[in-house]
Each structure stands twice: as structure tokens, then as C-alpha cells.
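Examining the three-dimensional arrangement
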Amino acid sequence: MHRVMTPCTAQRWHHPAKTLFRTQAHARTFNSLSLITRAQDNTGSLDNDNNTSTEDNTPVDGWQRTADGLPDYTAEPRGRAKGVEWKLRAKGRNFVDFCRIKVSGGQGGDGCVSFHREKFVAFGQPNGGNGGRGGNVIFEASANETSLQHIPHTGSAPRGVHGKGSLMHGHAGKDLIIKVPMGTIIREVPSPEKEKSAEDEDEDLFHKSLELGETEAKDKEMSKRWVLYPRLANSLTALPEGKVNYFEEAQAWVAEEDRIVEARRAAMSKKPLLLDVNEHTEDGTQFMVGRGGGGGYGNPHFLTTQNRAPKYATRGREGQTRWLTLELKTIADAGLVGLPNAGKSTFLQAVSNAHPAIAPYPFTTLNPYIGTVDYSDSYQVKVADIPGLIRGAHMNIGLGHSFLRHVERSKVLVYVIDIAAEFGIKRRVKGVDDWTPEEDLEQEETKDGESASLKSSQDEDPNAVNAEYSQPFEDWKTLLDELEAYQPGLTRRPSMIIANKADVTEVAPKNLKLFQKLVHDEWAKRRVANSSTTDDHDIQIVPVSAKYKKNIVKVTSILREIVETEKAKESAAAARKEQREREEEEEALAFKATRRNIMNNSSNE
Ligand SMILES: Nc1nc2c(ncn2[C@@H]2O[C@H](COP(=O)(O)OP(=O)(O)OP(=O)(O)O)[C@@H](O)[C@H]2O)c(=O)[nH]1
Ligand SMILES: [Mg+2]
């Protein structure tokens, strides 16, 4: 069975037949209708109302038109350019793989002050119920979620229900369950809201007392923690001489309990929360991230042998509030890495039944996309297609490198190289090549005012074609450099190269030969340099045509081989770790037993 997971936004830019219409039947109807309209337009035999879009040149479907008024599928659709610009401006900050959320557990329900009332029972016992606990905020690992798009900015669980008379306790607030995709890292961050200090609170109280009068302000403050029986406050102020103020006693108890709860909460929040929902996490595992506040006590809680009619109850406690950042690092077996337009999405479409956007302009893919490659024996390999990488991505050029986090967790790196690329000169990237610190220094040293950087660029002719120059090789090196700049050691992962667009027979075979030679030389050099740490694997280069699905099976079988080897290595390492831990535990137990024996023997003597 094919299973494709994709963020919703990634599906936005498809072939028009896929974007505009829900079903293929709709698309077919539209295509046949539009063909009829076009045919009629060309013959000019029909001056109908339907072709207003071609008349006033405003295409209804957003695609640019060719001179003869037909949609130009090779050009970037209108409106999309804006989307790309926005993405480029935001440098990946607006990916749906990072978000911040404020979670707050629900407040506890208030306790109730109530007394039993019955005919001939004038002064019944207190019977106010306790308030219910506030709801918790819970994150649940879900294999069905693929992005953080659905995560709200604030997640507040509902409060507990208040207690009622006749000892009816309020029920607990419902837990708020937020589903998070596998591969999410949850971190607690400091609150951006300014916390009120004790001085600020005093000042607030002072202002309130100016507004309301001192006693009223105090009552209001007290009512934040206490539920008082009507007219209790008056009776407390006019307490006859010699009568004990039980309320003060109750306040002291509650203050002591508050202190303990605060200390426990402070101890718990000392270490900021850090959760990793990774591939070892089971689907449906729940993590409590915002604890609901406890419910308030009803008045029977304050019943003592002396005080038979407590006329106060407490309010529910505030729930726990936390600020969390969620970062999604897609978990895939293989990550496709390549320059824009190399054919990553085309390859993914060829090997899986994913339908990523494919178009001949750069940055077609704006969000990571995952497809599953299915083998005949039901084995599956998850492949992640990420946006194109360009030189300088580590300096946040292009879409930046924020999306590289999606290959960070891939076991295998698959470099997709356009083997038909033929420029002959080094591609210059704005912001990377225009300026270097060395150029600046040279400029300073130049006395005659002529820019040294200009001179140096004149000295070496950029258009000079080097016999050993290979654009695909330069592209591959760019990818390696960018990955290394993002995370040192990333390129040491098991990897393979897809030499895509091998169907372009004019250039591809010639390019491939040189590319293979240069890559093997470079790889050998790197293996020597990193001999202590590099896995001793060679890099395989497979020429394919993703567009025409040629040589795809070879790639998928090599990919499976590498993934299986890696998985076997991982499970062997996990088993070794488990064995070591078990041995350590047994050793510790044996040591304890021996010590106990020695102590027993010495006490017997
Ligand atoms: N001739 C030929 N063209 C190909 C092949 N694979 C992809 N293309 C074309 O290359 C262009 C870019 O393909 P995409 O799959 O969108 O490239 P991408 O690497 O995903 O690009 P970005 O998403 O922008 O990073 C499209 O016009 C494809 O039709 C191939 O094997 N042969
Ligand atoms: Mg793409």
C-alpha cells in the first residue's frame, strides 16, 4: 500500500489539473471544455461569453498565457512568485516545521460554602463540595500528523467544575490533547511576558485601594483565593472580644499548603522541559506539558471540633503555564539533497506515489515533502524531498538552511545532481561571491583608487572553459560544503548520488564520465582526511532519468541496501548498549549483595 505524508501547503502548487480540481473527473471535464473553447477561439467562429479570460487577459487559473492565449505551464504562475518572495524574505522562518506555543493547564474549580438545610434542622452541617481539577495540556505523538500547521498559538485546557451544595464535587476539566508529528522536539523557553514582581503587585493593590477604598480592595484581593459566605467579611471585622478568628487559622493552613505547592512546582520547573518525539516513540504516547490546577476545598474541609460552621472555601489553583517551541525534524530513511531544479521532486514522484510540485523554475518545493517507496515484499523506505539548496545557504541565502533539519535525521543522504548542467563558468551567487573579506583588504591596500577585486576578477577570465571543469561536480561540492557548514560531519553519513537528467544525451554521457572520475578522486581524498571517523564506504553514482523513469529500480535497490545496513547497524548498537546496561546493573546488584554479606558477617562476629 502506498502511504504518502505531506504538509498541506506542499500540495498547493501542482499541475493545474491537480490544484484546481478535487477529482480527476472534474479535471478531465475542464480540460475537454477548455480545449473546445480554445478550438472555437482559434477558428473565431463563436463569440461566446466564456472566453472573457482571454479577452481581458486575466487568466482565471493564475497561469501566465502564451501569445496565443493558452496557459504557459513552463512559466511561473502569477501569485506564486509572491509566495516564493515571501518565503525567501522570511528565510525559512515561516516553514510549518517550527512554532511557539503557550500552554496553560486549566484552573481548578472553586470549592463551595454550603450548609445542610432541612425542615426542623436549623443548623445543618457544612456540605459544600470540592472543586474539580483543571484539565491538563497533553501532547500526543501521532504518526498521522506530518506538520506543525495545526498547532495553535495558545493551548489552554478547560477549568475544573465548581463544587456544589449537598457535597457535590465538581468534575475535572477535560484534558486538551494536541497531536504532534513524529520527529518533533519540544523545548521549554523563557516566557516573553514580563512577570509581575512583588513590588509591582503591591503597587497594583495601592492603586486599587485608591480606586475602591482600602477594605473593598483587600476583600477583592482575598476573594482571589477564598470563597466567603455572604456577610462573613463584616462579621469578621466586628468579632466580639475573646472570640477566636478561625478564618485566620484557616488562612495560615492554606498559606502553608500554598508554600509547599509552590516549592514543588519550582523544583519541577528548575529543569526546562525537553522532549524528543523520535522514531522510538510509540504512536499515541502522551506527554503532559501543562498540568491543571488543583480544585478548591469546600467548607467541610475546614471543619474542626471548635469551628462547627466554617463559612469559607478556597478557590481552585491556577494551572501550569509554559512557553514551548516545537521543532519538527522529519524522520525519513533517506533525504534528497540537491540544487534547485535538479529533479528531486521528479525523482520522488517516480519512486513513490507522492505528488510533489514539479516545475522548471527554482524553489518549486517550498516545504519538505515525504514519500514512501514500496517494495514488492512490503518493505518501505521513507524518502524526504526538501527545498533546493544553493551556495551560501548556510549564510541564509536562498531559503536559508532551516529546512536542512529535515535531512539531519535521515539515515542516508541521496545527492540529486543535474548531470546535464553545463555552464562552463562558476555560477556566482549574489551575497556570497560579490564580497569576501580578502577583497575588502585588497581594496584598502590599493592606492590608486582602482578596486583590486575588479582587477583580480579581470585577471582570471570567468568564461575560460577548463577541460577538467565539471558543473555537476561543482554542484555536488557545493552541496557537501553547505551540509558541512550546517552541521559538521553530516556528509559522513552513508550516501549515494543520483546523476539525474541522463536522458539529455547531448551532454549527459560526456558529463557523467568526468563527474564519476572527479567524484571518486574527491571521495577518496575525503576518506583519507577523515580516516578515523568516516565509514569506509564508497559512494555510488547512478545515472537516471527521473522524468522518464529510467534506471529507477537500480536506485531503489541500492537505497534499500544502504538503509537496511544502517538499520542493522543501529539495532546492533542498541542491543550492545542494552547488554552493557544490563551487565552494569547486575554488577551493581552483586556488589551490593557482597557488601551486605560482609556487614552481616562482621555484625555476627
Ligand atoms: N529532461 C529531464 N528533465 C527532468 C528530469 N527530472 C526533472 N526534470 C525537469 O527538471 C525540472 C525541475 O524538476 P523538479 O523536480 O521540480 O526539481 P527540484 O529539484 O524538485 O526543484 P526545486 O523544488 O525547485 O528545488 C522540471 O521541469 C522537470 O521536468 C529528467 O530526468 N530529465
Ligand atoms: Mg522540488
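Residues numbered from 1 in each chain as written. Chains lettered and ligands numbered in written order. Predicted model: local features only at pLDDT ≥ 70, side-chain atom pairs only at ≥ 80, totals over all residues. Heavy atoms only, no water.

**With respect to the site of ligand 1**
Surveying the vicinity of ligand 1 reveals 24 residues, the closest of which are Lys344, Ser345, Thr346, Thr365 and Asp503. Separating an oxygen atom of ligand 1 from a backbone N or O atom of Gly388 is a distance of 3.3 Å. Contact distances for ligand 1 include 3.1 Å between an oxygen atom and a backbone N or O atom of Lys547. Per-element accounting of the shell around ligand 1 gives the leading share, three residues, to helix α9 (residues 344–351). (Near = heavy atom within 4 Å. Polar contact = N/O pair within 3.5 Å; in protein donor to acceptor, adjacent residues only side chain to side chain. Helix = DSSP H or I, 4+ residues; strand = E, 2+ residues; numbered from the N terminus.)

**Description of the side chain of Gln320**
If you trace the backbone, Gln320 turns up in the loop between β9 (312–314) and β10 (321–328). Setting aside residues no more than four positions away along its own chain, Gln320 makes contact with Val103, Ser104, Gly105, Val289, Gly290 and Arg291. (Contact = heavy atoms within 4.5 Å.)

**Quick look at the sheet that holds strand β2 (residues 137–142)**
Consider a sheet: its strands pair through backbone hydrogen bonds, and that pairing is either parallel or antiparallel. Across the sheet, which stays open at both edges, the three strands sit in the order β4-β2-β8 with mixed pairing between neighbours. Looking at which strands have only one partner, the edges of the open sheet turn out to be β4 (176–181) and β8 (286–290). Adjacent strand axes in the sheet meet at a mean angle of 30°, parallel and antiparallel pairs treated alike. (Pairing = 2+ DSSP bridges. Axes fitted to C-alpha atoms, helices over the stretch in contact; angles between N-to-C directions.)

**What to know about the pattern of salt bridges**
The final tally for this structure, using the stated rule, is 17 salt bridges. As a salt-bridge pair, Arg187 and Glu327 come within 3.0 Å of each other at their nearest N and O atoms. On the criterion of sequence distance, the pair formed by Arg187 in strand β5 (residues 184–189) and Glu327 in strand β10 is long-range, its members being 140 residues apart. Using a relative accessible area of 11% as the deciding quantity, one classes Glu327 as buried. Taking the shortest distance from any N to any O, the salt bridge between Lys525 and Glu522 comes out at 3.8 Å. Taken together, the residues span about one helical turn, with Lys525 and Glu522 both in helix α14 (residues 508–529) at a distance of three residues. The exposure class of Lys525 is exposed, given its relative accessible area of 57%. A relative accessible area of 12% places Glu522 in the buried class. Bridged by salt links that share partners, the residues Arg225, Glu257, Asp258 and Arg317 form one connected network. (Salt bridge = Lys/Arg side-chain N within 4 Å of Asp/Glu carboxyl O. Buried < 20%, exposed > 50% of the residue type's maximum accessible area, 1.4 Å probe, protein only.)

**Things to note about the confidence of the model for the chain**
Mean pLDDT over the chain works out to 76, with 71% of the residues at or above the 70 mark. Low pLDDT (under 50) marks residues 1–60, which in the prediction has 69 contacts with non-local residues, meaning those over four places away or in another chain. For the stretch residues 424–441, pLDDT sits under 50, and the model shows 32 contacts to residues farther than four places along the chain or on other chains. (pLDDT = per-residue confidence, 0-100.)

**Quick word on the sheet that holds strand β16 (residues 540–543)**
Here six strands make up an open sheet; going across it, the order is β12-β13-β11-β14-β15-β16 and the pairing mixed. A single partner strand is all that each edge strand has here, and the edge strands are β12 (369–374) and β16. Neighbour-to-neighbour, the strand axes of the sheet open up by a mean angle of 25°, direction not taken into account. By the bridge criterion, three bridges tie strand β11 (residues 334–338) to strand β13 (residues 380–385) in an arrangement that is parallel. Paired with Ala334 across the two strands is Val383, which belongs to β13. Packing against the sheet, helix α13 (residues 471–486) makes contact with β11, β14 (412–418) and β15 (495–500), and its axis sits at approximately 145° to β14. Against the sheet, α14 contacts β14, β15 and β16, and its axis sits at roughly 165° relative to β16.

**Some details on helix α8 (residues 246–268)**
If you check α8, its first and last C-alpha atoms are 33 Å apart, about what 23 residues at 1.5 Å a residue would give, namely 33 Å. By the burial criterion, the buried members of α8 are Phe247, Ala250, Val254 and Val261. (Expected span 1.5 Å × (residues − 1).)

**Describing the packing of aromatic side chains**
Considering all chains together, one arrives at 12 aromatic pairs under this definition. Look at Trp226 and Phe302: their rings are 5.6 Å apart centre to centre, the planes differ by 45°, and that puts the pair in the tilted class. Pair noted here: Trp226 is in strand β6 (residues 226–228) and Phe302 is in the loop between β8 and β9, with a separation of 76 residues, a long-range link. Accessibility assignment for this pair places Trp226 and Phe302 in one class, buried. Ring centres of Trp476 and Trp523 lie 6.0 Å apart, and the angle between their planes is 45°; this geometry places the pair in the tilted category. Of the two residues, Trp476 is situated in helix α13 and Trp523 in helix α14; the sequence distance between them amounts to 47 residues. Taken individually, Trp476 and Trp523 each receive the classification buried, so the pair is uniform in this respect. Put simply, the rings of Trp226, Phe247, Trp253, Tyr297, Phe302 and Tyr312 touch in pairs and so form one group of aromatic residues. Here Arg560 stacks its cationic end above the ring of Tyr375, 5.1 Å away from the centre of that ring. (Phe/Tyr/Trp six-rings, centres within 6.5 Å; stacked < 30°, edge-to-face > 60°. Lys NZ or Arg CZ within 6 Å of the ring centre and 35° of its normal.)

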